[in-house]
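# Breakdown of the fold
For reference, the chains in residue letters:
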Amino acid sequence: MMPWLEAFHRPTTIAEALRLMKRGGRRARFVAGATDLLVEADPAARILVDVGRLGLAYIKPHRGGWRIGAATTMAMLEQSEGMRAFAGGILARAAAASGSIQIRNRATAGGNLANASPAADLAPPLLVLDAQVVIAGQKGKRRLPLADFFKGVCQTALKGDLLMEIILPPLNRAAGRRGGERSAWSFQKLGRVESDIAIVNAAAGVGVDAGGRCRWARIAVGAVAPTPLRIAAAESALQGRPLDSESIALACETVCREARPITDLRASVDYRRQMSGVLVRRALEECLAGIEPPRH
Amino acid sequence: MRRDKPKTPERGRKGLSRRDFFRGAGVAVPTGLLASQAKAPKAAKAPAGAAPMLGPGRVPITLRINGKVEKLELEPRVTLLDAMRNYLDITGAKKVCDRGTCGTCTVIMGGDAVYACQVLAIEAQGKAITTIEGLNAGEQLHPMSQAFVNNDAQQCGYCTPGFVVACKAFLDKHPNPTREQIRRGLGGNLCRCGTYTGIERAVLEAAKAVKGGSAHA
Ligand SMILES: Cc1cc2nc3c(=O)[nH]c(=O)nc-3n(C[C@H](O)[C@H](O)[C@H](O)COP(=O)(O)OP(=O)(O)OC[C@H]3O[C@@H](n4cnc5c(N)ncnc54)[C@H](O)[C@@H]3O)c2cc1C
Ligand code: FES
Ligand code: FES
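The rules we used
- Residues numbered from 1 in each chain as written.
- Chains lettered and ligands numbered in written order.
- Predicted model: local features only at pLDDT ≥ 70, side-chain atom pairs only at ≥ 80, totals over all residues.
- Heavy atoms only, no water.
- Helix = DSSP H or I, 4+ residues; strand = E, 2+ residues; numbered from the N terminus.
- Rg over C-alpha atoms; globule rule 2.2 N^0.38 Å.
- Buried < 20%, exposed > 50% of the residue type's maximum accessible area, 1.4 Å probe, protein only.
- Contact = heavy atoms within 4.5 Å.
- Areas by Shrake-Rupley, 256 points an atom, 1.4 Å probe, with all protein chains shown as cover.
- Lys, Arg positive; Asp, Glu negative; His and termini not counted.
- Charge placed at Lys NZ, Arg CZ, Asp CG, Glu CD.
- Near = heavy atom within 4 Å.
- Polar contact = N/O pair within 3.5 Å; in protein donor to acceptor, adjacent residues only side chain to side chain.
- Expected span 1.5 Å × (residues − 1).
- Pairing = 2+ DSSP bridges.
- Axes fitted to C-alpha atoms, helices over the stretch in contact; angles between N-to-C directions.
- Salt bridge = Lys/Arg side-chain N within 4 Å of Asp/Glu carboxyl O.
- Nonpolar A, V, L, I, M, F, W, Y, C, P; charged D, E, K, R; others polar.
- Domains from an automatic or database assignment.
- Buried area = accessible area lost by both parts, 1.4 Å probe.

## Digging into the overall build of chain A
Per the secondary structure count, chain A includes twelve helices and 14 strands. Here chain A has a C-alpha radius of gyration of 19 Å; the compact-globule value for 296 residues is 19 Å, and the two agree. The principal-axis extents of the C-alpha atoms in chain A amount to approximately 65 × 45 × 35 Å. Counting the 296 residues in chain A, one finds 58% classified as buried. Taking all contacts inside chain A whose residues are at least 6 apart in sequence as the whole, residues at least 24 apart take part in 61%. Here chain A displays about 12500 Å² of accessible surface, and carbon together with sulfur accounts for 51% of that area. Put simply, chain A has 41 plus and 27 minus side-chain charges, and the middle of one group is 7 Å from the middle of the other.

Shown next, in the form of C-alpha cells:
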C-alpha cells in the first residue's frame, strides 16, 4: 500500500525510462512486479517507472549460456525447460521456492536482485553460476559480475540505473572443464516453510575429475551477511581433495566461520550460523550423490 | 459463493451502503484512498495508446472483470483490490493483510493467480480478471465451489473466496494433482480456521468433477 504515490509511468523504451527516473530524482523508483515495493512502502517513493513494457521478459540461449531479462518472472524461470536443465536446474529450483504462486506470477528476477535483500533466493544460485548483470545508465550500458553488484543490505551498484539483464556464462568455460570431469549443482533453502523468506539459503556446484578429486567448487550462502556471499575459503578447502564426507565437513566449518549473520524475528545469530553449515553440507552431499558413478 | 445483493453491500441505517457513504461524504478513511475518487464519469479523457505520464490525480482506467468492461477514474496508487471493493462493489476478494501474505484477495489475472492487493489497478488493465463472483455459471456453483461445500472446506468462510479462486487457478495448471502438489501449490492462502484437510479433499474432488465433463470445465 502506497497512499502517497503520485504518478505512474509506463515507458516503452529504455532511454525514456532513464529520462523519467532522472527527472523524478529521489522521488522516483523503478517498479516491476511490485511484490517488494508495495510491502516496503517507502514514503519517499512518489513516482513509479514501470519496467514491464521494455521488452525485458525473456530467457534466451546465449553462447552456450543464457541471457535472462530483468522483467522475467519467477514463474517463467521455474517453468523454463532451459532453466530446468541448466546446471542441475538450480535457478529454476530457487525461483520455484521464492514465495507462493501468487507472488511468483508477479515477482521478477530483476526485482529480486535490485531489492538486494540478503535473503534473496535467486542470489546464491546466480553467484555460483558466476552470473553477470547488464545495467543501463545515463552514460550507457555497463556489465559487472553479480558479486560486485551487491553493496550492502538493500544497496546495489545500480544508483538509480536500470537493471536490464542477467547473463549466465557457459558452464564449461567458466569451470575450465576438462576431459573426464563430472559436475553437479544444488540449491538449498531453509524457511519456516519453503515459500517463506529464507532463514538461510545456499547454492553449490562442484567439478570432480575421473579420480574423484575436486577440481573446482563454488559455494554461496544468503541471509547470513549483509549481502549474499560466495565463500572462497570454503571453495578452496575442497579444491584438490577427494570430495567425501571429510572434505565436505571441512568446507562447512569454514562456511560457519565466515558467516556474519544477525538475529531477527526469523532466527538467531547462532542458529543462522550453524544452519549455514548444515545447508552447505546438504548442498555438497546432493552434489556428491549427483556425480557418483553409477554402481553396477 | 453467489452474491445475493450484488450492488448493495453493507446497507446502513438510512439505506446508504457504507461504501456509498464514504464515497458521497468524501470521508478520509485510514488509507486515504476513497476521498477524492468516484466511479468513472461518462466521458473519461483517455489518452490514446500508452500514455507515458499517468498522474498525479485521477487517470482513466479500464478493467475487464468477470467478462464485464469497467471504466473508472482512479489515482495511480489504487490497487486492483481497492478498485474492486471500493469503486465497483465487487467484494468477493477480501482484504486482510494488504501485503501479499494471506491470499484472501486472490484473483485470476490473465490466467494466473495473483494477489489483488499487490497489483495496482493501472497495471491490471488489458488482462482478463476473474474473481469468485465470475466462477459460477448462473445459479449453478462452479465445481470448485461445490467441492468446498461437499467437503466442509470452510468454517468462518473468510478465506474461502480467495481460496476457491486459488484452487481453480491451481487446477487449471494441474488437472491431475497429487496431495503434495496441492499442498505446495496452495501455500499462498492461509486459513485461520484450519480447514486445510477439507480443502485438499475438495481440490481432489473438483479435479475429478472437472474431468468428468462438467459444464464449467
Ligand atoms: C509474501 C511474500 C513472500 C516472498 N517470498 C520470497 C521468497 O521466498 N524468496 C525471495 O527471494 N523473495 C521473496 N519475496 C520478495 C519478492 O517477491 C522478490 O524479491 C521479488 O523478486 C521482487 O521482484 P518484483 O518484480 O516484485 O520487484 P519490485 O517490488 O517491483 O521491485 C523491488 C525493488 O527493485 C527495484 N527494481 C525492480 N526492477 C528493477 C530493474 N529492472 N532495474 C532497477 N531496479 C529495479 C525497484 O525499484 C524496487 O526497489 C516475497 C515477497 C512477498 C510479499
Ligand atoms: S489481502 Fe492480499 S494477500 Fe492478504
Ligand atoms: S474458514 Fe475461517 S479462515 Fe478459512
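There's more to say after this.
## Here we look at the site of ligand 1
Not every one of the 34 residues close to ligand 1 is listed here, only the nearest: Phe30(A), Thr35(A), Asp36(A), Thr108(A) and Asp121(A). Flanking ligand 1 are residues from chains A and B. Phe30(A) places a polar main-chain atom, nitrogen or oxygen, 2.5 Å from an oxygen atom of ligand 1. For ligand 1, the protein covers 91% of the area, taking 980 Å² as the surface of the free molecule. Of all the secondary-structure elements, those providing two or more residues to the shell around ligand 1 are β2 (28-31), α2 (37-40), α7 (109-115) and β10 (162-168) of chain A.

## Side note on helix α6 (residues 196-211) of chain B
Taking 1.5 Å of rise per residue, 16 residues should cover 22 Å, and α6(B) covers 23 Å from first to last C-alpha, within 8% of that figure. Listed in full, the buried residues belonging to α6(B) are Gly198(B), Ile199(B), Glu200(B), Ala202(B), Val203(B), Ala206(B) and Ala207(B).

## A look at the sheet that holds strand β5 (residues 65-69) of chain A
Pairing between the strands of a sheet comes from backbone hydrogen bonds, and it takes one of two forms, parallel or antiparallel. All names here are of chain A. Sheet architecture is open: five strands sit in the order β4-β5-β10-β6-β7, paired in antiparallel fashion. Looking at which strands have only one partner, the edges of the open sheet turn out to be β4 (59-62) and β7 (140-145). Neighbour-to-neighbour, the strand axes of this sheet turn through a mean angle of 25°, independent of strand direction. Where β4 lies against β5, four bridges are found, and the strand directions are antiparallel. If you follow Pro61 over to β5, its bridge partner there is Trp66.

## A few points about the interface of chain A and chain B
Contact residues are listed per partner, giving 28 residues for chain A and 37 residues for chain B. Where chain A touches chain B, the interface holds zero salt bridges. Inspection of the chain A/chain B interface yields six residue pairs in polar contact (both at pLDDT 80 or more). Those elements giving two or more residues to the side of chain A that touches chain B turn out to be β1 (7-9), α1 (14-24), α2, β3 (47-50) and α6 (101-104) of chain A. Considering only residue class, the side of chain A that touches chain B consists of 14 nonpolar, six polar and eight charged.

## Some details on the domain arrangement of chain B
Residues and elements named next belong to chain B. The assigned domain composition of chain B is domain 1 (58-134) and domain 2 (135-217). The gap between the C-alpha centroids of domain 1 and domain 2 is 21 Å. When the two sides are added together, the surface that domain 1 and domain 2 hide from each other amounts to roughly 1300 Å², 60% of it contributed by carbon and sulfur. Of all residues in domain 1, Thr106, Ile108 and Ile132 give up the largest surface area on contact with domain 2, accounting jointly for 35% of the area buried on that side.

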